[in-house]
Amino acid sequence: MQGETSRIFALRPRLSARVRARRALLALSALVLAATLIGRAAVRGPTTAPAAAPSLTPKATPASSADSTFAAGACRTLAPTTRGRGQTVLLDAGHGGPDPGASGTTTTGKRVNESQLTLPVVLAAAASLRADGYRVTLSRTVDTSVARLGPGDVTRSGLLSLAGEHADTQARVTCANRSGAAALVSVHFNAFSDPTARGSLTAYDSARTFSASNRQLAQLVEGDVVAALNAAGWQVPDRGIIDDATLNAPALSAQANAYGHLLLLGPAAAGWLSTPSAMPGVLVEPFFLANATEATVAADPAGQQAIAAGITRAIEQFLAVPGGSAAP
Ligand SMILES: [Zn+2]
């Protein structure tokens with residue numbers, strides 16, 4: 001996402017040095033979260049070949065009857081593999097298809113994209129949750145957008161357009177709502193211009209009727225992901241939880257700036273988001289891909305498994321407590 005960062009700054013209003021300094025800390029955390037604020041175009045290189053589809057149970061079915069909302073391989077619901085608990089979890093692999101998200105280079109020089117790394121994390125978490133009796137809806141199961149994109153959603157150079165970015169996130173919200181999920185966890189990886197930036201953070205929205213649950217889920221996800229990674233031998237700085245309304249994240253459109261929330265998690269806004277996500281949700285960014293050490297762990301199947309284990313534990317803790325599964 002190196003190009004994305006410079007593009008954000010290029011389109012950002014000029015701020016005084018004092019304001020810039022004050023915002024620097026938040027901006028560090030906010031840069032990639034801003035991608036989900038919408039109104040931000042993904043910057044990518046030439047179209048890459050889609051990754052091989054992961055093996056899924058033949059029982060995988062669309063969360064709703066087939067329609068034109070979702071791309072092939074998007075919004076799939078997987079039954080529990082043990083006796084069901086009657087609860088559904090929505091796992092969202094950030095980016096995908098014409099939106100590769102952030103990129104980085106491992107210590108061995110391998111280039112990695114955020115969209116490639118978020119998918120194995122959610123697939124691993126889905127397997128664990130299903131084995132524990134939960135139904136899991138995945139916003140995507142392959143390297144694709146979630147929305148079935150139209151002509152105006154992709155630029156001539158193969159980038160997701162602003163309209164496409166908005167449509168794709170709206171499709172993730174629609175998928176979550178149709179699934180009837182009791183909790184939503186979106187997985188991303190962070191980016192920043194400074195390659196020494198490190199650490200995990202989890203964002204939540206405080207402007208919903210169920211914001212107390214959002215915050216509770218964020219604390220669980222952040223704590224459990226960091227604990228799982230540390231238990232596996234990686235010392236990951238804990239950057240804590242962050243309210244998406246305080247991000248001051250730069251965005252590429254006036255509408256996105258005015259909205260000021262993560263579109264996936266935030267409230268309705270006339271003309272921008274008619275139907276918001278209907279369940280407690282968070283967006284976790286366990287690593288900075290701009291940091292070679294963290295990119296290496298993010299690309300390591302053992303690192304992905306550890307993140308998945310933390311997410312699984314957090315969701316199960318959240319859904320086990322009274323009120324934890326309370327949707328509005
Ligand atoms: Zn992202």
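Here we summarise the structure given alongside this text. (Residues numbered from 1 in each chain as written. Predicted model: local features only at pLDDT ≥ 70, side-chain atom pairs only at ≥ 80, totals over all residues.)

All right, on to the pairing of strand β10 (residues 281-285) then. The buried fraction of β10 is high, at five of five residues. Here four bridges tie strand β7 (residues 183-187) to β10, and the two strands are oriented parallel to one another. The partner of Val 185 across the bridge, within β10, is Val 282. (Buried ≥ 20, exposed ≤ 12 C-beta atoms within 10 Å, placed from the backbone. Helix = DSSP H or I, 4+ residues; strand = E, 2+ residues; numbered from the N terminus. Pairing = 2+ DSSP bridges.)

With that settled, consider the nonpolar core. Val 89, Val 122, Ala 183, Val 185 and Val 221 are the most contacted members of the largest nonpolar core, which totals 78 residues. Apart from the residues within four sequence positions on either side, Val 122 is in contact with Leu 91, Ala 93, Leu 138 and Val 187. (Core = buried A, V, L, I, M, F, W, Y, C linked by C-beta atoms within 7 Å. Contact = placed C-beta atoms within 7 Å.)

With that settled, consider the packing of helix α3 (residues 114-131) against helix α8 (residues 301-320). Orientation of α3 relative to α8, taken along the N-to-C sense of each, is 50 degrees, at an axis distance of 8 Å. As far as their axial angle goes, α8 and α3 are oblique. Considering the relative orientation of α3 and α8, their crossing is right-handed. In this structure, α3 uses Pro 120, Val 121, Ala 124, Ala 125, Ser 128 and Leu 129 to contact α8, whose residues at the interface are Pro 301, Gln 304, Gln 305, Ile 307, Ala 308, Ala 309, Ile 311, Thr 312 and Ile 315. The class makeup of the residues in the contact of α3 with α8 is 11 nonpolar, four polar and no charged. (Axes fitted to C-alpha atoms, helices over the stretch in contact; angles between N-to-C directions. Parallel < 35°, antiparallel > 145°, perpendicular 65-115°, else oblique. Left-handed = near helix turned anticlockwise from the far one by under 90°. Nonpolar A, V, L, I, M, F, W, Y, C, P; charged D, E, K, R; others polar.)

Our focus in this paragraph is the pairing of strand β8 (residues 200-204). Counted residue by residue, β8 has five buried out of five residues, so it is predominantly covered. Where β8 lies against strand β9 (residues 238-243), four bridges are found, and the strand directions are parallel. Note that in β9 the partner of Ala 203 across the bridge is Ile 242. For β8 and β10, the ladder comprises three bridges, and the chain directions are antiparallel. Residue Ala 203 lies in a different strand from β10, and its bridge partner there is Leu 283.

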